Amino acid sequence: MNNPYIEKDVDGEKSSDVVWHQASVSHQDHCQLNGHKAAVLWFTGLSGSGKSTVANAVDLMLFQHQAKTYVLDGDNVRHGLNGDLGFSDTDRIENIRRVGEVSKLFADAGLLVSTAFISPFVADREMVRSQLPEGQFIEVFIDTPLAVCESRDPKGLYKKARAGEIKNFTGIDSAYEKPVNPEIHVQTDQKSIQACAQQVIDYLKENKYL
């Protein structure tokens, strides 16, 4: 099996003239103005688990707290930034790498950014975590059983995957690696969306992000 993690000669691809420009307004300045800490809320789970629904419910609650936020949604990002990517393992890895970089920029601006992506591989999620300062990556595992996700099937994707019309579909013929120790463990088959979102807000309050 080919390794989707392609080793690149990074030094050879980058220009020696590229130097990081230090901004006049610091990360701390942004956070002070916003009135809260910055973080990346990384919602991960199967298709149909409720990632986008919970992430947007959390975003609304944060908005009501007058927090500065943004939601990066998997489908929305593939309409633009990642519109050139497919769903092979290699493309999934690049998809998450790019989202991780964008998330890092939002967090640097002092925002509470929510990302709703299947992000099926542990290594990719840990890669994003490693690129952020300690405490800025909050993994939110939307833990919904495959059978429940498939029964919901809001986009009809599971039906197509079972019929062989979609290849490399996570949970069917492509693996999903569950988080080992997520900061927040949400079970949408046992709680309402409102209760799931409140669980995330409670975590942020208890850990003094808000």
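As the structure is a prediction and not an experimental result, all values here were calculated from the model.

### Quick notes on the environment of Q190
You can see Q190 is positioned in the loop between strand 5 (184–186) and helix 9 (193–206). Sequence separation between Q190 and G48 is 142 residues, and the spatial gap between their C-alpha atoms is 15 Å.

### Some points on the side chain of T69
As for its position among the elements, T69 is in strand 2 (residues 69–73). In terms of polar contacts, T69 uses its side chain to reach the side chain of D59, at 2.6 Å. What T69 contacts, discounting residues up to four positions off in sequence, is D59, L62, L111 and L112.

### Remarks on unusual backbone geometry
The backbone of D153 sits at a positive phi, close to 35 degrees, despite the residue not being glycine. Locating D153 in the fold gives a position in the loop between helix 7 (146–152) and helix 8 (157–162). Residue classification places D153 among the buried residues on the basis of a relative accessible area of 16%. For N168, which is not a glycine, the phi torsion comes out positive at approximately 55 degrees. With respect to the helices and strands, the residue N168 is situated in the loop between helix 8 and strand 5. A relative accessible area of 35% places N168 in the partly exposed class.

### Observations regarding the pattern of salt bridges
Within the structure shown, the criterion is met by nine salt bridges. For K104, the salt bridge is made with E101, and the minimal N-O distance between the two is 3.4 Å. Separated by three residues within a single helix, K104 and E101 lie in helix 5 (residues 89–108), roughly one turn from each other. For K104, a relative accessible area of 29% translates into the label partly exposed. Sharing partners across several salt bridges, the network here consists of R125, E126, R129, E139 and E183.

### Quick notes on the packing of helix 3 (residues 51–64) against helix 9
Running from amino to carboxyl end, helix 3 crosses helix 9 at an angle of 55 degrees, the nearest separation of the two axes being 9 Å. Between helix 3 and helix 9, the angle is such that the two are oblique. The way helix 3 lies across helix 9 gives a crossing that is right-handed. Residue-level inspection shows T53, V54, A57, V58, M61 and L62 of helix 3 in contact with helix 9, the latter providing I193, Q194, C196, A197, Q198, V200, I201 and L204. Looking at the contact of helix 3 with helix 9 residue by residue, the class counts come to eleven nonpolar, three polar and no charged.

Definitions and limits used
- Residues numbered from 1 in each chain as written.
- Predicted model: local features only at pLDDT ≥ 70, side-chain atom pairs only at ≥ 80, totals over all residues.
- Heavy atoms only, no water.
- Helix = DSSP H or I, 4+ residues; strand = E, 2+ residues; numbered from the N terminus.
- Polar contact = N/O pair within 3.5 Å; in protein donor to acceptor, adjacent residues only side chain to side chain.
- Contact = heavy atoms within 4.5 Å.
- Buried < 20%, exposed > 50% of the residue type's maximum accessible area, 1.4 Å probe, protein only.
- Salt bridge = Lys/Arg side-chain N within 4 Å of Asp/Glu carboxyl O.
- Axes fitted to C-alpha atoms, helices over the stretch in contact; angles between N-to-C directions.
- Parallel < 35°, antiparallel > 145°, perpendicular 65-115°, else oblique.
- Left-handed = near helix turned anticlockwise from the far one by under 90°.
- Nonpolar A, V, L, I, M, F, W, Y, C, P; charged D, E, K, R; others polar.

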